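# Per-entry structural report
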Amino acid sequence: MISVGHQGDSEKKNTLSGAEAMVRMLQAHDVTYIFGLCGDTTLPFYDAMHRLDHPITHILTRDERHAGYMADGYARVTGKVGICEGPSGGGATYILPGIVEANESSVPVLAITSDVATTSRGRFPLTELDQKALFKPLTKHNDMLDDATRLPAQLRETFRTMTSATPGAAHLGFPFDTQNTGLVPDEVHGEKANGHFPSTRSLADPEAISEALNLLAEAKNAIIICGGGIVLSGAENELEQLAGSMNIPVATTVSGQGTIAETHPLALGVVGSNGGVPQTQAVVDQADLVFYIGCRAGSVTTERWHSPKPGTPIIHLDSDPKVIGVNYQTAAALVGDAKLTLARFNNALSKHNKTFDHDGKNRVLNAVTSKFQSFHRLAQKDESPVLPERVIADLQSVLDDEAIICADPGTPCPYFSAFYRWPKSGRHFISNRAHGALGYALAAAMGAQFGQPEAQVVAALGDGSFAFCCGEMETITRYNLPITIIVFSNSVFGWIKAGQKSGFGKRFHNVDFNRTDHAAVAEAYGIKSWSVEDPANLKQVLEEATSLNQPTLVDIISQPLQDANAPVSEWVA
């Protein structure tokens with residue numbers, strides 16, 4: 001339990017304002033960064049942050065949407081709750097995309113949106129809206145801080161809910177009069193552990209673990225498919241021990257990358273319609289049992305529920321009981337935290353009376369060798385426009401093993417997911433797989449850089465995404481974040497055009513736009529930039545851009561996605 005000392009004008013009277021209490025409650029939950037944008041209804045909160053002595057740094061963003069994405073990226077690389085804030089009205093509506101993405105990705109991000117005074121409700125004050133109704137379907141926890149005396153208890157409940165069991169996002173509305181109302185400081189305390197996730201863990205039923213082990217003992221060619229739950233739980237070591245003991249292949253979803261090093265002999269790579277390839281799908285289809293861990297088995301992962309084939313025996317482990325059995329009938333259901341449950345699994349495995357061998361190394365070697373043969377052939381081509389395969393290969397050759405890459409949907413996500421081989425497990429790749437909004441990667445990279453200031457951080461985006469987020473380049477330069485921005489420049493919303501090409505008779509409608517000189521735009525913000533058309537120059541430029549320890553941008557005139565050999569089996573998933 002942590003309580004904090006108090007100071008300030010109201011504190012001298014042995015009271016705290018609601019705004020001051022908010023700062024102290026965030027401090028008590030180990031918050032060190034807040035990402036957000038000022039507004040008139042937030043003035044008391046900003047004043048409290050300015051006056052009080054505390055360890056929290058406020059990062060001023062250029063819009064609330066990117067504040068949410070920054071908090072998301074920060075949370076993913078630190079294991080701490082990400083905090084974003086914004087004003088009432090438009091600020092509350094703009095911050096929504098960041099919250100829904102985090103919540104559906106099981107990432108605890110708290111959005112604090114100030115609001116009109118409670119006494120003004122229903123009287124048509126400027127910026128009034130029903131914040132509680134707005135955020136209700138998008139969050140794990142949602143509340144209004146209408147009573148200053150209850151604010152500390154509500155904050156404790158919010159952090160506890162966000163970080164326990166399956167993590168999720170939260171919203172708190174913060175009315176103007178609550179920010180100014182006094183309360184006694186005795187209640188201002190919090191559990192520091194609840195500022196990190198997962199703060200509480202549950203263990204799956206031991207009988208279910210025994211049942212799952214027996215199923216794995218009977219199978220000959222099983223496979224493990226991991227979603228984001230392994231990395232969120234910090235269960236990478238337990239998973240690697242389990243896979244090694246059984247010689248069983250480990251595949252991942254896009255969100256599950258980091259579950260196991262991509263260079264591990266049991267790492268099959270990403271499966272599914274985005275980032276998967278026929279060689280990896282074949283391993284899934286040939287499996288006589290699939291063990292899903294921290295994975296929802298959604299449409300992309302399962303090729304719209306065709307892979308694995310219906311009728312394949314399924315073991316499903318997840319901290320959220322609502323996802324188990326939704327898409328496949330389960331032979332064994334394990335509801336619990338991945339780290340705790342896999343540790344118990346390994347203990348039970350060591351006492352089992354059978355040797356497990358699912359021929360994983362051979363199955364993975366054959367699939368991965370075949371997968372990369374065509375990739376390396378394309379990556380060596382000196383074609384213009386530059387092939388995406390060339391970008392992945394050259395970037396892999398210049399980044400260090402601890403680098404963090406944030407990739408937007410469109411061209412970047414499937415190529416990095418399929419072909420970039422992270423040599424270490426852990427959170428080194430971030431993409432917004434829940435809703436796939438364009439413009440996410442740049443802000444997520446900024447949050448990741450604040451969370452891991454010593455890491456090389458790269459934001460990879462298409463030129464469609466660039467237009468969604470380029471205003472935040474001013475934020476990058478203001479804080480001198482040494483992020484390298486890579487733009488795949490091909491003047492098209494390529495994913496949609498590829499869908500029109502493959503499924504709608506090449507009837508292309510309103511997907512092309514004019515080319516932008518992204519390097520010139522970045523230079524105007526003060527970012528050192530290059531434009532690359534000749535692939536022979538690409539590696540040298542990437543090496544320089546990623547080594548300067550300052551904001552950089554590389555604008556790559558690249559092959560349009562609809563003409564590329566993209567690792568995407570279906571454009572509408």
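A short tour of the structure in this document, coming up. Keep in mind it's a predicted model, so treat the numbers as computed, not measured. (Residues numbered from 1 in each chain as written. Predicted model: local features only at pLDDT ≥ 70, side-chain atom pairs only at ≥ 80, totals over all residues. Heavy atoms only, no water.)

## Details of empty space enclosed by the protein
Within this structure, the stated rule accounts for four cavities of 30 Å³ or more. Taken as a whole, the largest cavity holds about 50 Å³ of empty space. What lines the largest cavity is Gln257, Gly258, Ile260, Ala261, Glu262, Trp422, Lys424, Gly426, His428 and Phe429. (1 Å grid on protein atoms, 1.4 Å probe; cavity = no way out; pocket = protein on both sides within 12 Å on 5 of 7 lines; lining within 4 Å. Points joined across faces, edges and corners; volume = space filled by probe spheres on them.)

## Notes on the environment of Gly276
Position of Gly276 among the secondary structure elements: in the loop between strand S13 (267–270) and helix H12 (278–285). Overall, the relative accessible area of 7% leaves Gly276 in the buried class. Distance from Gly276 to Pro414, taken between C-alpha atoms, is 8.0 Å for residues 138 residues apart in sequence. Apart from the residues lying within four places of it in its own chain, the contact partners of Gly276 are Val270, Val271, Pro567 and Val568. (Helix = DSSP H or I, 4+ residues; strand = E, 2+ residues; numbered from the N terminus. Buried < 20%, exposed > 50% of the residue type's maximum accessible area, 1.4 Å probe, protein only. Contact = heavy atoms within 4.5 Å.)

## Digging into the sheet that holds strand S7 (residues 141–144)
Here we have six strands laid out as an open sheet, ordered S4-S3-S5-S6-S8-S7, and parallel in their pairing. This sheet does not close on itself; its edge strands, each paired only once, are strand S4 (57–60) and S7. Averaged over neighbouring strand pairs, the angle between their axes works out to 20 degrees when direction is ignored. (Pairing = 2+ DSSP bridges. Axes fitted to C-alpha atoms, helices over the stretch in contact; angles between N-to-C directions.)

## What to know about the sheet that holds S13
Read from one edge of the open sheet, six strands run S13-S12-S11-S14-S15-S16, paired in parallel fashion. Both outer strands of the open sheet, S13 and strand S16 (332–335), are each paired with one neighbouring strand and no more. Direction aside, neighbouring strands of the sheet carry axes that sit 15 degrees apart on average. Relative to strand S14 (residues 289–293), strand S11 (residues 222–226) runs parallel, the two sharing five bridges. Bridge pairing in S14 links Ile224 to Phe291. Sheet strands in contact with helix H14 (residues 360–379) are S11 and S13, and its direction is about 45 degrees off that of S13.

## A word on helix H15 (residues 388–398)
Counting buried positions along H15 yields eight of eleven residues, so the element is predominantly enclosed. Taken as a whole, H15 has its buried residues at Pro388, Glu389, Arg390, Val391, Ile392, Asp394, Leu395 and Val398.

## A look at a nonpolar patch on the surface
The grouping of Phe468, Phe493 and Ile496 at the surface amounts to a nonpolar patch, some 270 Å² of accessible area in total. Tracing the sequence through the fold places Phe468 in helix H18 (residues 463–469). (Patch = residues over 30% accessible without salt bridge, like charges linked within 9 Å, V, L, I, M, F, W, Y side chains within 5 Å. Areas by Shrake-Rupley, 256 points an atom, 1.4 Å probe, with all protein chains shown as cover. Salt bridge = Lys/Arg side-chain N within 4 Å of Asp/Glu carboxyl O.)

## Regarding helix H11 (residues 236–246)
Within H11, the full set of buried residues consists of Glu236, Glu238, Leu239, Leu242, Ala243 and Met246. All buried residues of H11 fall inside an arc of 165 degrees around its axis, so they share one side. If you follow the buried residues of H11, they end up packed against helix H9 (206–218), S11, helix H10 (229–233), strand S12 (250–252), S14 and helix H13 (338–350). Downstream of H11 by one or two residues, Asn247 has phi in the positive range, about 50 degrees. (Arc of directions from axis to C-beta.)

## Focus: the layout of surface pockets
In this structure, the second largest pocket spans a volume of roughly 220 Å³. Along its surface, the second largest pocket is lined by 18 residues, and Gly276, Val277, Pro278, Ala566 and Pro567 are the ones closest to its centre. For the lining of the second largest pocket, the elements supplying multiple residues, two or more each, are H12 and H14. Here the lining of the second largest pocket gets four residues from one element, more than from any other, and that element is H14. Of the residues in the lining of the second largest pocket, the class split is eight nonpolar, seven polar and three charged. (Nonpolar A, V, L, I, M, F, W, Y, C, P; charged D, E, K, R; others polar.)

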